[in-house]
Amino acid sequence: MAALVDTRRVLLKLKGFPQLIPRRYRVKKKWAATLPRITSTKLALQNFDVNYGTQFGERWPSIRISLLSEQKYGALINNFSSAQELMKGLELQGARDFVYEARARTWSPGSVGGKPRGGEELVWSSSLAAGQSGSEVPLSSQVGEGMEMAAATEPPSLSPNIKCFTFPKGDVTGFSPARLDGSGLLGYYLLDAASVLPVLALDVQPGHTVLDLCAAPGGKTLALIQTQACWRLAANDSSVSRTGRLRRILQSYIPREHSTEDRVRITSFDGRRWGELESNTFDRVLVDVPCTTDRHSLLEEENNIFTRSRSKERQTLPLLQSQLLLAGIKAALPGGVVLYSTCTLSQLQNECVVDRAVQVE
């Protein structure tokens, strides 16, 4: 017994020198069991607390709560389906078309005939933010989540053909899955209602040629088609699998005669090279770039860019975004419109990318 105790003491003393311990007594440290695993969502939250806490200051706690809250969806109405009957049903459930309501109260009561009264600053209602009755702010300072809206002298004209229903603030009712109508098309497409804002701001007019440079998964492309103003639409994404999903979505919502190759062209090119492929071609260019996708990064582990194995990809995002924006600018016709949008609040991925592109051009 004494010999056994002495052996244990010797092993303890030799613990710092594993090469001197007989192999049968060595124990491999089990990292998965002994070290706490930081999930991708927690890593994202830590990153946002540091960066956005500095960026937004005392406003960050309320923004933080919003990002961590359950996501609410909007229903983008498919104008090629039995839309009128469908919209009546949604209204009976309490949902409202926030685009229609935004058009109805775009100008503040302080404006007359679309012009501000003497000495007053021109304002634009923030009701674009998912139909909520928010305050009115100067155009030069209005910022929507994930997209900074450029200063302008008047608000963008909102396409009457885009209809997106949402439930009121505080109402957590969800939309049921879309159903096929008599023609075999789905009635609406569920998406984050904020995804409609870039399409509205792009202000596509009848006869325009349009490029959606980073089109997948397809919500904004579908919204562009719903305007019924695109003469020709090019929908591109570098991922072949994602463009395959985009094709399936369009087949479920758009009649074949409206999605022929001469009207809707789907490609899988590297968007960074588009300026070389088709320069000075499009009236409108939407550059909805890959980003950290803040809410997804906080709520979902699957395909989370804050996974440790994707750290390099995350660090190089601003460079990729700048290259895509520059390619979009080159693809636009002189006098055309290029709209850059993200799903992040990061200044590095928003203002800094735009500033860099302006300096280069």
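Residue numbers run consecutively from 1 along every chain, following the written order of its sequence. Since the coordinates come from a predicted model, pLDDT governs what is reported: local features require at least 70, and pairs of side-chain atoms require 80 or more to be given and counted, while whole-chain, interface and lining totals use all residues. With hydrogens and water set aside, each side-chain value is computed from the structure's full complement of heavy atoms.

(A) Just the sheet that holds strand β13 (residues 264-267), in detail. A pair of strands counts as paired when DSSP detects no fewer than two bridges linking them. Strands here are runs of E lasting at least two residues and helices are runs of H or I lasting at least four, both read from the DSSP assignment and numbered beginning at the N terminus. Read from one edge of the open sheet, five strands run β13-β12-β11-β14-β15, paired in parallel fashion. Of all the strands in the sheet, the pair left with one neighbour each is β13 and β15 (332-341). Between one strand axis and the next, the sheet turns through 15° on average, direction left out of account. Here five bridges tie strand β11 (residues 208-212) to strand β12 (residues 230-236), and the two strands are oriented parallel to one another. Looking at the pairing, Asp 212 lines up with Ala 235 of β12. Helix-sheet contacts for helix α8 (residues 219-226) involve β11, β12, β13, β14 (282-288) and β15, and the interaxial angle to β12 is about 175°. Axis definition: a line fitted to C-alpha atoms, over the contacting stretch in the case of helices. Angles run 0 to 180 degrees between N-to-C directions. Whether two residues touch is decided by their heavy atoms; if any such pair falls within 4.5 Å, the residues are in contact.

(B) Layout of the nonpolar core. To qualify as a nonpolar core, a set must consist of buried Ala, Val, Leu, Ile, Met, Phe, Trp, Tyr and Cys residues joined through side-chain atoms within 4.5 Å. When accessible area is computed with a 1.4 Å probe and restricted to protein chains, residues below 20% of their type maximum are described as buried, those above 50% as exposed, and intermediate ones as partly exposed. If you look at the biggest cluster of nonpolar residues, it comprises 37 residues, and the most contacted ones within it are Leu 224 and Leu 250. Once residues lying within four places of it in the same chain are set aside, the contact partners of Leu 224 are Val 199, Leu 202, Val 204, Val 210, Asp 212, Cys 230, Leu 233 and Leu 286. The next biggest cluster of nonpolar side chains, apart from the first, holds 17 residues, and it includes Ala 234, Leu 325, Ala 331 and Ala 357.

(C) Geometry of the sheet that holds strand β1 (residues 74-77). Pairing within the open sheet is antiparallel, and its four strands lie in the order β2-β9-β1-β10. Every interior strand has two partners, whereas the edge strands, β2 (96-97) and β10 (188-191), have only one. Bridge analysis of β1 against strand β9 (residues 164-166) gives two bridges, and the strand direction is antiparallel. Considered in β9, the bridge of Leu 76 is made with Cys 164. Along the sheet face, helix α5 (residues 83-92) touches β1, β2, β9 and β10 and points at about 160° away from the line of β1.

(D) Local environment of α5. Every buried residue of α5 is listed here: Ala 83, Met 87 and Leu 90. Viewed along the axis of α5, the buried residues span an arc of 60°, placing them on a single side of the element. Exposed side chains of α5 directed beyond 90 degrees from the buried face belong to Gln 84, Glu 85, Lys 88 and Leu 92. In this structure, the buried side of α5 is in contact with β1, β9 and β10. With its phi angle positive at about 105°, Gly 94 sits one or two positions after the end of α5. Comment: arc refers to directions from the helix axis out to C-beta atoms.

(E) Representation of the pairing of β14. Within β14, six of the seven residues are buried, which leaves it mostly tucked inside the rest of the structure. Inspection of the sheet shows β11 paired to β14 by three bridges, in the parallel sense. Within β14, the position partnered with Leu 211 by the bridge is Val 285.

(F) Quick peek at the packing of helix α13 (residues 317-331) against helix α14 (residues 351-360). Where α13 contacts α14, the axes come no closer than 9 Å and their chain directions differ by 50°. Considered as vectors, α13 and α14 are oriented oblique to each other. Where α13 crosses over α14, the handedness of that crossing is right-handed. Every residue of α14 that contacts α13 at Pro 318, Leu 319, Gln 321, Ser 322, Leu 325, Leu 326 and Ile 329 is listed here: Val 353, Val 354, Arg 356, Ala 357 and Val 360. Grouping the amino acids of the contact of α13 with α14 by side-chain chemistry returns nine nonpolar, two polar and one charged. Orientation labels follow simple angle bins: below 35 degrees gives roughly parallel, above 145 gives roughly antiparallel, 65 to 115 gives roughly perpendicular, and whatever is left gives oblique. Handedness of a crossing follows from how the near helix is turned relative to the far one, being left-handed for an anticlockwise turn of less than a right angle and right-handed for a clockwise one. Side-chain classes follow a simple rule in which Ala, Val, Leu, Ile, Met, Phe, Trp, Tyr, Cys and Pro form the nonpolar group, Asp, Glu, Lys and Arg form the charged group, and the remainder, Gly included, forms the polar group.

(G) Geometry of helix α9 (residues 240-253). For α9, which comprises 14 residues, the first-to-last C-alpha distance of 20 Å matches the rise-based estimate of 20 Å (1.5 Å per residue) to within 8%. Within α9, the full set of buried residues consists of Thr 243, Gly 244, Leu 246, Ile 249, Leu 250 and Tyr 253. The span expected for a helix works out to 1.5 Å for each residue beyond the first.

(H) The arrangement of the confidence of the model for the protein in detail. What pLDDT conveys is the predictor's confidence in a given residue, as a value from 0 to 100. Residue-level pLDDT values for the protein average 83, and 76% of them are 70 or greater. Low confidence marks residues 110-154, where pLDDT is under 50. Its contacts with residues over four positions away, or in another chain, come to 82 contacts.

(I) Main features of the packing of aromatic side chains. Side-chain rings of Phe, Tyr and Trp (the six-membered ring for Trp) are treated as a pair once their centres are within 6.5 Å; stacked means planes under 30 degrees apart, edge-to-face means over 60, and tilted covers the remaining angles. The final tally for this structure, using the stated rule, is eight aromatic pairs. An angle of 15° between the planes, with centres 4.9 Å apart, marks the rings of Phe 48 and Tyr 52 as stacked. A residue pair is termed a helical-turn pair when its members lie 3 or 4 positions apart in one helix, as Phe 48 and Tyr 52 do in helix α3 (residues 40-56) at four residues. There is no split in this pair, since Phe 48 and Tyr 52 are both buried. Here the aromatic rings of Phe 167 and Phe 175 are separated by 4.7 Å at their centres, their planes lie at 40°, and the arrangement is tilted. A relative accessible area of 3% places Phe 167 in the buried class. You can call Phe 175 buried: its relative accessible area is 13%.

(J) View of the environment of Arg 247. Tracing the chain through its elements places Arg 247 in helix α9. Given a relative accessible area of 39%, Arg 247 falls into the partly exposed group. C-alpha of Arg 247 to C-alpha of Ala 235: the two residues are twelve residues apart in sequence and 9.9 Å apart in space. Polar contacts involving the side chain of Arg 247 include one to the main-chain carbonyl oxygen of Ile 266, which spans 3.2 Å. Pairs of N or O atoms within 3.5 Å make up the polar contacts considered here, provided that, within protein, one atom can donate a hydrogen while the other can accept it, and that residues adjacent in sequence are counted only when both atoms are side-chain atoms.

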